[in-house]
Every structure is written in C-alpha cells, then in structure tokens.
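Residues per chain, in single letters:
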Amino acid sequence: ILLAAVVGLFLGLGLALLLELLDDRINSPEEAERALRLPNLGHIPLVEEEGLRLIRDIGSFSPLMESYRGLRTNINFAAVGTELRSLVITSSQPAEGKSTTAANLAMAMALD
C-alpha cells in the first residue's frame, strides 16, 4: 500500500507538471506583454454591482472612472503623431464587457 501511495504521488506530481508545461494560455497582463511584445494600455476593473456599468452613473473620482481616464490617456499617447480613426475592442469570450468598455471609453474621450 505504501509503494502504491508513493507511485501515485509521483505520477500525480508528474502529471501536474506536464499539464503546467503544456498550458499555453495567457493569464496575466504581464504574460500578454511578454508574448505579444506590445504594451498594456490599461486595465478596467470588474464591476460587480448591477446597474453601475456606464461611467455616467458613477462618481467622477471613482477608481472605475479613473481607469477609463487612464486608458483614454494611454490610447492618446500611443497615437501621437497619427490621426486615430478607429479602435477595436475585443475579447476571447462573449459577454466580457466589450460594448460597455466601448461606450465608457467613448464617454471618457468625449469628456476630454
């Protein structure tokens, strides 16, 4: 029984390490920057509270509003010297907030 437990432990650890080595997903902004060799322009926090999706509904000094302002500023700095005519906001899965992000970013740019 002891030998079976030791063999099972080593097989489990080996399988866990193999799965970790074969995992090619991007799990953090730092991994995305390293893999794509592109800068991260911003991070929008997850909105847990229902009804507070558009920035017009929140206070002007909230962390969510500040994150959209930071994203707006970084996009403007990334496009210095060129006219920004279009912007693509995408995600890997449905219902991750693309439309909300586009609307809030448009409002932040309009408030600029």
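Analysis parameters
- Along each chain, residues carry numbers from 1 onward, in the same order as the chain's sequence is written.
- Two thresholds apply to this predicted model, a pLDDT of at least 70 for residue-level local features and 80 or more for giving and counting side-chain atom pairs, whereas whole-chain, interface and lining totals are computed over all residues.
- Values reported for side chains reflect all heavy atoms of the structure, with hydrogen atoms and water molecules removed beforehand.
- By definition, any uninterrupted DSSP run of H or I lasting at least four residues is a helix, any uninterrupted run of E lasting at least two residues is a strand, and each is numbered from the N terminus.
- Any two residues whose heavy atoms approach within 4.5 Å are treated as being in contact.
- Calculation of accessible area relied on Shrake-Rupley with a 1.4 Å probe; when residues are assessed, cover is drawn exclusively from the protein chains displayed.
- Note on exposure labels: buried denotes an accessible area under 20% of the residue type's maximum, exposed denotes more than 50%, and partly exposed covers the range between, all computed with a 1.4 Å probe on protein chains only.

J.: What exactly am I supposed to notice about the overall build of the chain here?
T.: Summing up its helical and strand segments, the chain has 4 helices and 0 strands in all. Each helix and strand of the chain, ordered N terminal to C terminal, gives the series α-α-α-α. A separation threshold of at least 6 residues defines the contact pool for the chain, and within that pool the share at least 24 residues apart is 53%. Entry remark: accessible area of the chain is about 9100 Å², with carbon and sulfur atoms responsible for 62%.

J.: So what exactly am I meant to see when it comes to the environment of Arg53 here?
T.: Of note, Arg53 is situated in the loop between α2 (29-36) and α3 (63-78). Residue classification places Arg53 among the partly exposed positions, given a relative accessible area of 40%. Expressed as a C-alpha distance, the spacing of Arg53 and Leu3, which sit 50 residues apart in the sequence, is 57 Å. Beyond its immediate sequence surroundings of up to four residues, Arg53 is in contact with Thr100 and Asn104.

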